[in-house]
Each structure stands twice: as C-alpha cells, then as structure tokens.
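If you want the building blocks of each chain, they are given just below.
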Amino acid sequence: PDGKRLLTGRVDTTIRDWDTATGTHRHAINTRVDKVFALAFSPDGLAFASGAEGGIVKIWDPSEWKTNRRLEHFGTIRYVAYSHDGRTIASARAKGTIKLWDAATGRERTTLKGHDRTVWFVAFSPDNLTLASAGEDSTVRLWDTRAGVERITLSGHGKCVWSVAFSPDGKV
C-alpha cells in the first residue's frame with residue numbers, strides 16, 4: 001500500500017517479497033503445492049491474499065510469512081482483490097464464479113455466478129458497493145456487493161476482457 005514492497009508469484013509455487021527502492025529481494029516462501037496466479041495486499045498492508053491453482057485463497061501475515069486463513073474456492077484462482085476498506089476479499093475462479101469473503105473472519109459472504117468462463121480480473125468501486133468483473137466470455141459484469149446480485153452485463157467486446165478499472169473519484 002505504501003509502494004515500498006512488491007510481491008511476485010510464480011507457477012513454480014514461490015512468492016517473493018521485494019524492496020522497490022533498492023530492487024533487493026527480501027524474502028521468499030515456497031508454498032510447495034500452490035502455483036501462484038494472484039496476489040493482493042490489504043489496504044493497511046498487514047495482510048495479503050494469494051490465489052492458486054488448487055482453488056485455495058490463503059491469507060498471509062507478511063511480517064511472519066505464515067498463513068492465517070485458508071478460503072476454499074475450488075478451481076484455479078485467477079484473481080484476488082481487497083475492497084478499499086479492507087473488509088472484503090474477492091476471489092475470481094477459472095470456472096466463472098466469484099466469491100466475496102469477510103476479510104476479518106474468512107467467512108464466505110456470497111458466490112456471484114454469471115460468467116460462463118474464466119473471470120480474469122475484478123475491481124471494487126471506490127465506495128465498495130459495486131464489483132466489476134472481466135471475463136473470458138467477452139463480458140464485464142457489475143455486481144451489487146451488498147445484495148450479492150448482478151446489476152448489469154456490459155457486452156460488446158468481441159473477445160475476452162482482461163481487465164477493468166473504476167475511476168478513483170467515481171465520476172469519470
């Protein structure tokens with residue numbers, strides 16, 4: 001969150017921590033079983049989430065490099081994201097589902113179903129009330145994070161949608 005650390009994940013199951021000012025490698029951990037496809041820091045930097053091939057989202061304490069929680073989302077996790085207030089974690093799966101988790105307890109809040117193929121990217125709106133998802137099915141979907149329902153489907157891309165982003169002020 002302060003730009004001083006960078007995490008990288010590899011399909012060789014390694015997560016690395018880098019100092020962005022010096023470019024030096026600070027720490028590495030081999031998860032031994034998880035090909036790491038997704039990483040996200042919490043807004044306060046006191047935790048990070050990893051998503052992997054085995055369908056497990058792990059919540060880590062970066063000061064001790066230990067997992068605090070394991071969230072089961074079965075299937076390859078392609079993307080993880082924290083809400084701006086740090087209360088919710090979203091995990092996107094290769095088979096098209098998105099799960100919203102309570103970041104404090106690890107309890108599943110809801111499963112969002114609508115994409116029929118891989119969800120590649122998710123983003124929370126600045127007020128955390130909307131989640132946008134980008135899919136291999138050529139759609140972007142907007143979800144109501146409180147009700148856990150799809151609000152609208154944006155169609156028109158001829159092929160896979162790889163990414164989505166909200167403007168920081170929510171106006172543009």
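The coordinates are above.
The model shown is predicted, which means the values in this text are computed figures rather than measured ones. (Residues numbered from 1 in each chain as written. Predicted model: local features only at pLDDT ≥ 70, side-chain atom pairs only at ≥ 80, totals over all residues. Heavy atoms only, no water.)

Engineer: Lay out the pairing of strand 13 (residues 130-135) with the relevant residues and their values.
Structural biologist: Counting buried positions along strand 13 gives six out of six residues, so the element sits mostly inside the fold. The side-chain alternation of strand 13 yields two buried faces, one formed by T130, A132 and A134 and the other by L131, S133 and G135. Where strand 12 (residues 119-124) lies against strand 13, five bridges are found, and the strand directions are antiparallel. Its bridge partner being in strand 13, V122 is matched across the sheet by S133. Taken together, strand 12 and the strand that follows it, strand 13, pair antiparallel across an intervening segment of five residues, in which N128 is found at a positive phi of about 65°. In this sheet, strand 14 (residues 140-144) lies alongside strand 13 in antiparallel orientation, the contact comprising five bridges. By the bridge assignment for strand 14, A134 is matched with V140. Connecting the antiparallel pair strand 13 and strand 14 is a turn made up of four residues, with S138 showing a positive phi of about 70°. (Buried < 20%, exposed > 50% of the residue type's maximum accessible area, 1.4 Å probe, protein only. Helix = DSSP H or I, 4+ residues; strand = E, 2+ residues; numbered from the N terminus. Pairing = 2+ DSSP bridges.)

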